[in-house]
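# A look at the structure
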Amino acid sequence: MNIEDQPLEMQWEHLLDQLEQLIGKKPGDLNGVLFLIGVQELGMGAKRFTKEQKQDLMHIGICKVLSLSSYYTLEHIDKEGWPHYKLERALPVGDIMKQEALLKMHVIEYFKNI
């Protein structure tokens, strides 16, 4: 059976295991994975970031993965190299669990495409 045929949580755990093999440390949660995506999309490599920059990187990760379903589009990259996204359509209304599931599905899809 393909991993794509498994329930979302099994696919998520499989992704976390793959990331652990890749970076040597298993991300603790969705926010950690979104941060990694933000760092990847920023393209400046691993370095020390301020607390505000870490929040910005998680936002970049969210925007990037949700751009796969056209919720966001890349608007521009500023002179420091940071991407800026534009919200194109409202996110589906739902409780925190539904929002987390939506993000996880998009994160899994993101990693299939890189």
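Residues numbered from 1 in each chain as written. Predicted model: local features only at pLDDT ≥ 70, side-chain atom pairs only at ≥ 80, totals over all residues. Heavy atoms only, no water.

This part takes up the overall build of the chain. Secondary structure assignment for the chain yields four helices and two strands. Reading the secondary structure of the chain in the N-to-C direction produces α-α-α-β-β-α. In summary, the chain has a C-alpha radius of gyration of 14 Å against a globular reference of 13 Å for 114 residues, a match within 12%. Principal-axis analysis of the C-alpha atoms places the extent of the chain at approximately 45 × 35 × 25 Å. Residues counted as buried form 31% of the 114 residues belonging to the chain. (Helix = DSSP H or I, 4+ residues; strand = E, 2+ residues; numbered from the N terminus. Rg over C-alpha atoms; globule rule 2.2 N^0.38 Å. Buried < 20%, exposed > 50% of the residue type's maximum accessible area, 1.4 Å probe, protein only.)

What follows concerns the side chain of His106. Assignment of secondary structure puts His106 in helix H4 (residues 96–112). Beyond its immediate chain neighbours, meaning those up to four positions away, His106 contacts Val65, Leu66, Leu68, Ser69 and Tyr71. (Contact = heavy atoms within 4.5 Å.)

The topology assignment puts Tyr71 in the loop between helix H3 (51–66) and strand E1 (72–77). For the pair Tyr71 and Leu87, spaced 16 residues apart in sequence, the C-alpha to C-alpha distance is 6.0 Å. Non-local contacts of Tyr71, meaning those with residues more than four positions away in its chain, are made with Leu66, Lys86, Leu87, Glu88, Arg89, Ala90, Leu91, Pro92 and His106.

This part covers the layout of surface pockets. The rolling of a water-molecule-sized probe over the atoms marks out the regions of remaining empty space. Considering only enclosed or pocket space, the largest pocket measures out at about 340 Å³ in volume. Lining the largest pocket are 14 residues, and of these Leu19, Ile23, Pro27, Leu36 and Ile37 sit closest to its centre. Of all the elements in the fold, those that place two or more residues in the lining of the largest pocket are helix H1 (8–23), helix H2 (30–42) and H4. Top contributing element to the lining of the largest pocket by residue count: H2, with five residues. For the lining of the largest pocket, the per-class residue count stands at 11 nonpolar, two polar and one charged. (1 Å grid on protein atoms, 1.4 Å probe; cavity = no way out; pocket = protein on both sides within 12 Å on 5 of 7 lines; lining within 4 Å. Points joined across faces, edges and corners; volume = space filled by probe spheres on them. Nonpolar A, V, L, I, M, F, W, Y, C, P; charged D, E, K, R; others polar.)

Any functional reading would require information beyond the geometric quantities listed.
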